[in-house]
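# Survey of secondary and tertiary structure
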Amino acid sequence: MTTQDIRGNLERVQAAIAAACRRSGRSPDDVLLIAVSKTVEVERIRDAIAAGVACLGENRVQEAREKIDTLGRPVPWHLIGPLQTNKARDAARLFDWIHSVDRLELATELSRRARALGRRVDVLLEVNVGEEPQKAGARPQEIKSLLDAVAGLDGIRVRGLMAIPPVVAEVEQSRPQFRRLRELRDAAGLEHLSMGMSADFEVAVEEGATMVRVGTAIFGPRAGPPRNR
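Now for a quick tour of the structure.

## Thoughts on the pattern of salt bridges
By the definition in use, this model includes 28 salt bridges. Notably, a salt bridge pairs Asp 122 with Arg 159, separated by 3.3 Å at the nearest N-O pair. Here Asp 122 is found in strand 5 (residues 121–127), whereas its partner Arg 159 is found in strand 6 (residues 156–163), with 37 residues between them in sequence. Residues Glu 207 and Arg 179 are paired through a salt bridge, measuring 2.9 Å at the closest nitrogen-oxygen approach. Highlighted residues: Glu 207 in the loop between helix 8 (201–206) and strand 8 (211–214) and Arg 179 in helix 7 (residues 175–188), separated in sequence by 28 residues. The exposure class of Glu 207 is buried, given its relative accessible area of 6%. When salt bridges that share partners are traced, they join Arg 23, Glu 172, Arg 175, Arg 179, Arg 182, Glu 202, Glu 206 and Glu 207 into one network.

## Regarding the nonpolar core
Inside soluble globular proteins, nonpolar side chains tend to come together where they are buried. Core analysis: the largest hydrophobic core is formed by 64 residues, its most contacted members being Ile 17, Phe 95, Ile 98, Leu 110, Leu 161, Val 212 and Ile 218. Ranked by residue count, the leading element in this core is helix 1 (residues 3–23), at seven residues. Membership of the second largest hydrophobic core comes to eight residues, among which are Cys 55, Trp 97, Met 162 and Met 197.

## What to know about the environment of Val 53
Among the secondary structure elements, Val 53 is positioned in the loop between helix 2 (42–51) and strand 2 (55–58). Leave out the neighbours within four places in its chain, and Val 53 touches Leu 10, Ala 35, Ala 48 and Val 75.

## With respect to helix 5 (residues 104–116)
Between its terminal C-alpha atoms helix 5 stretches 18 Å, which fits the 18 Å expected from 13 residues at 1.5 Å a residue. Structurally, helix 5 contributes buried residues whose contacts are with helix 4 (88–94), strand 4 (97–101), strand 5, helix 6 (143–150) and strand 6. Count one or two residues on from helix 5 and you reach Gly 118, which has phi positive near 70°.

## As for the state of the cysteines
One pass over the full model with this rule turns up zero disulfides. In this structure Cys 21 is not part of a disulfide, and its nearest cysteine sulfur, from Cys 55, lies 15 Å away. For Cys 55, a relative accessible area of 1% corresponds to the buried category.

Calculation notes
- Residues numbered from 1 in each chain as written.
- Predicted model: local features only at pLDDT ≥ 70, side-chain atom pairs only at ≥ 80, totals over all residues.
- Heavy atoms only, no water.
- Salt bridge = Lys/Arg side-chain N within 4 Å of Asp/Glu carboxyl O.
- Helix = DSSP H or I, 4+ residues; strand = E, 2+ residues; numbered from the N terminus.
- Buried < 20%, exposed > 50% of the residue type's maximum accessible area, 1.4 Å probe, protein only.
- Core = buried A, V, L, I, M, F, W, Y, C linked by side-chain atoms within 4.5 Å.
- Contact = heavy atoms within 4.5 Å.
- Expected span 1.5 Å × (residues − 1).
- Disulfide = S-S within 2.5 Å.

In short, shape yes, function no, at least from these values alone.
Encoded structure:
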């Protein structure tokens, strides 16, 4: 895939976001498009940066470390995949945003590591909005208590909520889950909603997403088996 291909894909996704914003009475400026670069080689990521992506999203700390060491920080880096507590030190150093904080132990360790680095990291709490036993994320009914528990941690700043809805046959079936996440966000008085991927980001934007995580629609199909994010 050439730089021109990536630029064209990026423009199509941006146009789709703008159209979804018009349908829902929102401004496209209120939606951050995260280009998900997991498993994408460095040269294609360089092409995406040249094409104008606003930020990059990675699933794994190890993979991101190698890419950040090579590419530096021309745009912000977001961790959108699950995070083990023993990787908190690297995550606090590498990422500008972490979308997958789902338990007090992880939040506490991230805050400790960020403070040691003189940083304060923006984070989102991950919600298992479909309450699926195989998925990470706090249950919806746990969000208020988790927010209360992390309120005193000064190495992180909780900015919103993130979710991956259950897999569905039709994208419209995700709408109630996106709406539920928005209601949880509003009840918590937070700013951001990270929801929506290549297949369903337009519905997510219509339901209030302020961040969408789009990989295949920008970079093309990935090698290997499909992943959750």
